[in-house]
Amino acid sequence: MITTDVQIKHYTTFGISAKVKQFATFSSVEELRQLLAKKPVEMPLMILGGGSNVLFTQDFDGLMLKNELLGFEITEKIGDDVFVKAGAGENWHSFVIRTINLNLGGLENLSLIPGSVGASPMQNIGAYGREIKDVFHSLEAYHLPTGEVHTFTNQQCEFGYRESVFKRKFKNQYVILNVTYKLSKKHQLNTSYGAINEQLEAMGVENPTIKDVSNAVIAIRSSKLPNPKELGNAGSFFKNPVIDKKLYDNLVSEYPDMPNYPVNAETVKVPAGWLIEKSGWKGKVVGNCGVHKNQALVLINYGNASGKEVFELSENIIQAIQTKFGIVLEREVNIV
Ligand code: FAD
Ligand code: EPU
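Residues numbered from 1 in each chain as written. Chains lettered and ligands numbered in written order. Predicted model: local features only at pLDDT ≥ 70, side-chain atom pairs only at ≥ 80, totals over all residues. Heavy atoms only, no water.

### Some details on the environment of E140
Line of reasoning, step 1. Following the sequence through the fold, E140 ends up in strand 10 (residues 136–143).
Line of reasoning, step 2. Expressed as a C-alpha distance, the spacing of E140 and F152, which sit twelve residues apart in the sequence, is 6.4 Å.
Line of reasoning, step 3. When residues no more than four places from it in sequence are discounted, the contact partners of E140 are K85, V149, H150, T151, V175, I176, L177 and N178.
Line of reasoning, step 4. Within the structure, E140 has its side chain in polar contact with the side chain of N178 (distance 2.8 Å). (Helix = DSSP H or I, 4+ residues; strand = E, 2+ residues; numbered from the N terminus. Contact = heavy atoms within 4.5 Å. Polar contact = N/O pair within 3.5 Å; in protein donor to acceptor, adjacent residues only side chain to side chain.)

### What to know about the pairing of strand 6 (residues 72–78)
Each regular strand displays side chains that alternate between the two surfaces of the sheet.
Line of reasoning, step 1. The pairing of strand 6 with strand 7 (residues 81–87) spans six bridges and is classified as antiparallel. Paired with F72 across the bridge in strand 7 is A86.
Line of reasoning, step 2. The antiparallel hairpin formed by strand 6 and strand 7 contains two residues in its connecting segment, where G79 sits at a positive phi of about 60°. (Pairing = 2+ DSSP bridges.)

### Examining the site of ligand 2
Line of reasoning, step 1. In the region of ligand 2, 23 residues are neighbours, and Y128, Y161, Y193, E277 and E332 sit closest.
Line of reasoning, step 2. Side-chain polar atom of E332 to an oxygen atom of ligand 2: 2.8 Å apart, as the coordinates give it.
Line of reasoning, step 3. Relative to its free-state accessible area of 820 Å², ligand 2 is covered by the protein chains to the extent of 82%.
Line of reasoning, step 4. Put simply, the parts of the chain that give the shell around ligand 2 at least two residues each are helix 4 (210–224) and helix 6 (272–278).
Line of reasoning, step 5. Per-element tally for the shell around ligand 2: the top contributor is helix 6, with three residues. (Near = heavy atom within 4 Å. Areas by Shrake-Rupley, 256 points an atom, 1.4 Å probe, with all protein chains shown as cover.)

Shown next as structure tokens:
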């Protein structure tokens, strides 16, 4: 059922007021087809999952469809590999925990990321040394121009750091319906992200299981990242910039303590959180919004911020970082 002029504040983790002209949920492909058939051709369309990576800077004068496609199925087992297919509307963290409880390894480092399964390939979600591309097998997506369902392999998704084909050449062309992951009964733990080992040690764990790694990640995340139920936010607001090695060499001579992650011979990734903190923005409150006091990469809505206010804050941060470091930050959050 389509409802009109809907307030979507509580459909996003930023908790920012915005109205949507038409709103409906769908829990089957058939329902999706029927809703799309009613949409005037010129009317814009937006698919919403958990609303944890969007910032509304204005009302949306179109049709918003909230994905509620459920489903969890083991589709195939080959040796130690187990293929698990989940509906795009499944909650991501619940899905991860379900796979861990089945003793299937691969997603444990990605515990507690908010949002839906269907959005996970959009930006190739990543955390604590893993990205979904490491275990992604395939997805099925509804092609809006033709109404056909197309399958995408890992390679066809063209995953990159917080990137996929769905944010680039196929932007707004597909509705992701389900995702299949290749998990494993033979666990290959990745605890290379320093803080995980420290946390496991603090928890007194000597021979960690996938459940232990998941618990460690949950503990680290809970200590650093604000809970959207208490403080509106969308996680990292910016991507960590990948900069030219020459610029990096110049900067590191001036700032020897700058953390860095070499990407290849020509480029280095540097943490935007560090750049923002070094520029004096960490913990700053500007009107109804601000920069989180524990994680400078996270912008916060302190209750009544407008999307425009948060966007303006992000503009000011981008300018400050460009002036100080010669680096142009790119937003990770999807701006509407
Ligand atoms: P939404 O915000 O609903 O949508 C995001 C985009 O994807 C929109 O453009 C939407 O139109 C599109 N979309 C959603 N579903 C579909 C679909 N089925 N088909 C087509 N398009 C679709 N991200 C990380 O990568 N790593 C982290 O560690 C991380 N930590 C976070 C911590 C916090 C506290 C928060 C609030 C966010 C964090 N995020 C992180 C960002 C966010 O959780 C992810 O980007 C997540 O995948 C978004 O899922 P969602 O369902 O909420 O997407
Ligand atoms: N740092 C600071 N000050 C800060 C924040 C970070 O100096 O205020 C420094 C830290 O000391 C550390 C480095 O920056 O040396 C990296 O910090 P952290 O480990 O907290 O990770 P991040 O780079 O800030 C990225 C992802 C997160 C993901 C974590 C853990 C991006 C844009 N963000 O953050 O993803 O959870 O690593 O892997 O890549 C998200 O995408 O929404 C998100 C939360």
